[in-house]
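Working through the structure, step by step
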Amino acid sequence: MAKQPFAKFPTAWSRRQFLGWGAGGVGAVATAAVAGSTWAGRLTSGHPFGTQAARIPSLPEGYAPPTDNSFDPMTLLRDFDYGTLKSENGRPVREFEVTANSSPLQLNSAITFMSWNLNGRVPGPTLRAKAGERVRIVFHNQDGHSHSMHFHGIHPAEMDGVQPIRHGQTMVYEFEAGPFGVHPYHCHVAPVTRHISKGLYGLFIVDPPEGRPPADEMVLVMGGFDIDNNEHNELYAFNGVPNYYRDHPIPIYQNQRVRLYLLNMIEFDVAVTFHIHANLFQIFPTGRTLTSTGDSDVITMGTAERHILEFAYPYPGQYMFHPHQDAIAEHGCMGLFDVLPA
């Protein structure tokens, strides 16, 4: 029997009452910041590599990003950095600027965490290129500690990002983007677990030459926060701020294909799962396939594992997503999709 592209289920019971659950012990998330989302309300005309188009809902009336942080997790969802395309000796080069620094990150109303970050955000910018393109990442270290940028994927040894770049220095990483798929990058200065857990990580998407079908594309990066430096995480988050998408559900449209670029960068926990409610997702392991290898409603990932997951909700309503390790979910790694009538 032919596999259906998206599984459909009977109407799930409402979980709207969940919005108030779990606030005690973690604290309220800081409220709104930078001027509105760059994607709200757009009918996307696609990215530079194809003709993809998808309907993206406007943000809820009255939504404002958090004032206490330099970035908005809602904007991070659909914020793809395509760099600057240049021509050098007749060959195109896609160039990115990335700066490491330190800044306080308000995790909730009670806890501020001193992050080490890239371009003032945790996770760092979602860099995006096309397979076979020449990419150049100009890395400036303005932090007081030595850092580097190590990219997963294929590149020469001298571009591997394992050499520390000291304060005030700049390193240029240049290589051919490939293979197509979803690749993390992170600082590789020892102790690597500390540098990653402080916030020095991000996602590098390499698109296949032929592109992918139209979808509402978004990024979720799972991270942990070791508040008291005991190599144990006290809080967790999607895209930098614990419980942000629980308190600010992600709007998506009914029957709209969602393409989720999912990355686990939680240190100190051997593995975590990712689970969505009342639906199944199609799995594209490491983003290395153009056709799904199967479907599920839960997937297990070790640190630095990543996948593309695709799904569409047939029924309006609010649906949870979270790891199925309940302690991790209850300490900040919790969110909701708000499925709006098409």
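Please refer to the structure placed before this passage.
This write-up is about the structure you can find in this document. Just so it is clear, the structure is predicted and the values come from calculations on it, not from any experiment.

Quick look at the overall build of the protein now. Looking only at helices and strands, the protein has four helices and 21 strands in total. Within the span of the protein, comprising 342 residues, buried residues form 56% of the whole. For the protein, long-range pairs separated by at least 24 residues make up 73% of all intrachain contacts whose partners lie at least 6 apart in sequence. For the protein, the computed accessible surface area is about 13800 Å², with 54% contributed by carbon and sulfur atoms.

Burial of strand 12 (residues 235-238) is two-sided: the residues L235 and A237 facing one way and the residues Y236 and F238 facing the other way are all buried. Two elements, strand 11 (residues 216-225) and strand 12, share four bridges in a ladder whose sense is antiparallel. In the strand pairing of strand 12, F225 is matched with L235.

For the rest of this paragraph, the subject is the pairing of strand 9 (residues 181-186). Most of strand 9 sits out of view: six of its six residues are buried. The two faces of strand 9 match: G181, H183 and Y185 on one face and V182, P184 and H186 on the other face are all buried. Sheet topology places strand 7 (residues 150-151) next to strand 9; two bridges connect them, and they run antiparallel. Bridge pairing links F151 to Y185 in strand 9. Two elements, strand 9 and strand 10 (residues 201-207), share six bridges in a ladder whose sense is antiparallel. Of the residues in strand 10, the one forming a bridge with H183 is F204.

Another aspect to go through is unusual backbone geometry. Backbone geometry follows two general trends: most residues other than glycine have a negative phi, and most peptide bonds adopt the trans configuration. Across the junction of G178 and P179, the peptide omega takes the value -5 degrees, indicating a cis bond. Along the polypeptide, P179 turns up in the loop between strand 8 (170-176) and strand 9. Backbone geometry places A304, a non-glycine residue, at a positive phi of 80 degrees. By secondary structure assignment, the location of A304 is in the loop between strand 18 (298-302) and strand 19 (306-311).

This brings us to the side chain of T273. Along the polypeptide, T273 turns up in strand 15 (residues 271-276). A polar side-chain atom of T273 sits 2.6 Å from the main-chain amide nitrogen of H324. Leaving out residues up to four positions away in the same chain, T273 has contacts with M222, V298, I299, T300, H322, P323, H324 and Q325.

Reading the values: rules and limits
Residues numbered from 1 in each chain as written. Predicted model: local features only at pLDDT ≥ 70, side-chain atom pairs only at ≥ 80, totals over all residues. Heavy atoms only, no water. Helix = DSSP H or I, 4+ residues; strand = E, 2+ residues; numbered from the N terminus. Buried < 20%, exposed > 50% of the residue type's maximum accessible area, 1.4 Å probe, protein only. Contact = heavy atoms within 4.5 Å. Areas by Shrake-Rupley, 256 points an atom, 1.4 Å probe, with all protein chains shown as cover. Pairing = 2+ DSSP bridges. Polar contact = N/O pair within 3.5 Å; in protein donor to acceptor, adjacent residues only side chain to side chain.

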